[in-house]
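Analysis of the macromolecular model
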Amino acid sequence: MPERVAASDEVVDRGGYRLALRPVSAGWRTAVADEAASWLREKGVDLDLTRDARATVDGRLIRAMHHRNSGIDAFLLSMTETNDGGTFVTTVLAIDDPEDPWLMVRVARDRPGLVPAPRLAGRLLERIEMHDGGHPLAASPQLVHPGALDDFVGRLTDPKRRGVVLAIGSGETITPALITPKLAAWTRNTIGLAATFVLTPDATTEFARLAGSYRVPEGTIRTFRRGVDLAEQPLSRTHRMLSPRTVADSEDWRVRKLLTSFVRTPLSVQTLPSNLARWDRTFDRLLNREMTSRIVVARPRPSGQAVTQETAELERVRVALGVPDLADTTLTDLVEAATAPVVDQAAVDEIDNKLQDLQSEKESLEDELDTSRKAEWQARQEAVEADERASEASLALRRLQRLLRERELDPWSMATEAEQLAPDAPGPPGSWSDLAERVGEWSEFGVLVTADDRCVREMDAIDDDGRALHAVHDALSALAGYVRARRSGDHEQDFGRYLEAQPAGYAMYPPGRFAPTETGWTKQHYGHERERPVPTWVNSAGIATMNAHLRLTKIPKKDPRVHFLETVDPDGRFVVIVGYIGPHLTNRATSSLN
């Protein structure tokens, strides 16, 4: 069976790894070549990376290239390999620019799924000092003592920082010695992408005083994206958190998966630094030209013997062939000319020009895609922020309206008093795992959540920007408001009419996102998926059908939903039971996906 050999380093990236940092160590480019050569030898490839090279070994295509332009030296190593996991392309790009040096390690794969961080990335970080923004990045978690908090805060607020900062608080129970090795295992796929820290107990306490809402309590893991301002209220759906209970109750692989998602998602929408992007494209063009230059002509030389013919016959042949003589060399040249494949140099040039045109078009489309990604991501972040601010305003308005219903007073003079009202819903969760832990809090407000917490927790890996997390809190708050309105007598009809009426002082939800039932086709074919757990006082079997549902937000192929039913508990109180929170259950539109 022929050996599988990768022919190109161009694959469609389905969720890869990309380190982009500034090296500051002396002789760092030589160190990169040394570590890369050592890494290749472990894979059975012995290649001299001090010069341009191309080799195919065990199905792997390895290309090394050096280039100098305007006094700047750059080095590229590319390895393409195919195995049962798909086609992987690992690229190392070193730009030794005294004014703007960069090192990139990139792994792309042609299939969806997590690409592990390459061991090479950790080795490079251990050997070379590299910076993200104005601060060094380590390959392992670092301890933060109280005396280092100023530097820690400076890192959080560094406007030039690209990667995520990930921190965990410690204390008497969860000590630094206990949690540091665990954090190293959980963040092994974020090496080179995130700065990871363990705050000592004293630093945890002091940082809580300095940071307020950005505090990192004992045992809590928190991520800080770019743009942190400690003077502003944090957007809980942007800077993610995992509570001590979530961490303790989750298997290591799941914590690692969540943290990897929290770190890589914001990086995936960032463009490469301009100098790094420029050199990346330069090497693309150089590799294209190297490929066309290898179009050569193999001209086999026949092993002929001297022709022995009668002189008259030979002369007739010579005239017919149109050659000056019938010497061996003349006849050999004639055979070579007749049997050699013809290479049209003009055609080769045309291919080369076409490759360059396609490369230019590719770069233009990449620029457009990067611009669109940045704009779309910014719009999503602004939408999250607007949603949170709207929720805060809605909460304040509800409090005032509730007081107005009870007493005839000037609403402006009642603002302070309204803030003292008992809450009408639990506070917003910091993550889906946090929501799964706190679902019991909703029972106080007449909303019993029986949904599978594993399904709820998995939403952390699906809801990249927290829009659905914000929406689920609004949806549950609206259900709690509905229960309160029914119990108080302010509303006596169903939930759909409640959303349409929007009674003053009660939490609301967009009416267009509510569906009171499913289609007949869905009930017939996938009605069993709507059979959800309920207390046995609802049904002795502990199962009831929940066709009514709320749409949370648009996530391609997921579109999460909340399924619920209305009933009365054994004490005669009106309640809502939420039996499902998660990706869209199967219907006609999603049957090919689920």
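Residues numbered from 1 in each chain as written. Predicted model: local features only at pLDDT ≥ 70, side-chain atom pairs only at ≥ 80, totals over all residues. Heavy atoms only, no water.

1. Some thoughts on the nonpolar core
Quick note on the threshold: The criterion is simple. A nonpolar core is a set of buried Ala, Val, Leu, Ile, Met, Phe, Trp, Tyr and Cys residues joined through side-chain atoms within 4.5 Å. For every residue, the accessible area (1.4 Å probe, protein chains only) is compared with the maximum for its type, and the residue is labelled buried under 20%, exposed over 50%, or partly exposed between those bounds. Per the convention used, a helix needs a DSSP run of H or I reaching at least four residues, while a strand needs a run of E reaching at least two, with both numbered from the N terminus. Any two residues whose heavy atoms approach within 4.5 Å at even a single point are treated as in contact.
The biggest cluster of nonpolar side chains holds 70 residues, and the ones touching the most others in it are L49, L77, F152, F207, I221 and F224. Take this core: its biggest share by element is seven residues, from helix α1 (residues 28-42). Sequence-distant contacts of F152, defined by excluding residues within four places in its chain, comprise V144, V165, A167, F197, L199 and F207. The next biggest cluster of nonpolar side chains, apart from the first, holds 40 residues, and it includes V472, L479, L499 and I581.

2. Here's the deal with the packing of aromatic side chains
Short version of the rule: A pair of aromatic rings is counted whenever rings of Phe, Tyr or Trp (Trp by its six-membered ring) have centres within 6.5 Å, and the orientation is called stacked for planes under 30 degrees apart, edge-to-face for over 60 and tilted otherwise. Criterion for a charge above a ring: Arg CZ or Lys NZ at most 6 Å from the ring centre, at most 35 degrees from the ring normal.
Under the definition given, this model contains 13 aromatic pairs. Between F152 and F197, the aromatic rings sit 5.4 Å apart at their centres with planes inclined by 75°, giving edge-to-face as the arrangement. Placement of the pair is F152 in helix α3 (residues 149-157) and F197 in strand β11 (residues 194-199), with a sequence separation of 45 residues. By relative accessible area, F152 is classed as buried at 2%. What makes F197 buried here is its relative accessible area of 8%. Ring-pair connections join several aromatic residues into one group, and the members of that group are Y482, F495, Y498, F514, F564 and F574. Residue placement shows R486 over the ring face of F574; its charged tip is 4.2 Å from the ring centre.

3. A few points about α3
As a reminder, the rule being used: Comment: arc refers to directions from the helix axis out to C-beta atoms.
All of the buried residues in α3 are L149, F152, V153, R155 and L156. Projected down its long axis, α3 carries its buried residues within an arc of 155°, all on one side. Next to the buried residues of α3 lie β8 (135-136), β9 (142-144), β10 (164-169), β11, α5 (201-211) and β12 (221-224).

4. Re the sheet that holds strand β15 (residues 514-515)
Which entries qualify depends on this criterion: Paired strands are those between which DSSP finds at least two bridges. Fitted lines through C-alpha atoms give the axes, limited to the stretch in contact for helices. The angle between two N-to-C directions lies from 0 to 180 degrees.
Taken in spatial order, the five strands make up an open sheet running β14-β20-β19-β18-β15, and their pairing is mixed. Because the sheet does not close on itself, it has two edges, and the strands there are β14 (447-449) and β15. In this sheet, strand β18 (residues 549-551) lies alongside β15 in antiparallel orientation, the contact comprising two bridges. Following the sheet pairing, A515 is matched in β18 by H549. Packing of helix α15 (residues 467-488) onto the sheet brings it into contact with β14, β18, β19 (561-568) and β20 (574-582), and relative to β20 it is tilted by some 165°.

Honestly, it's all geometry; don't read function into it.
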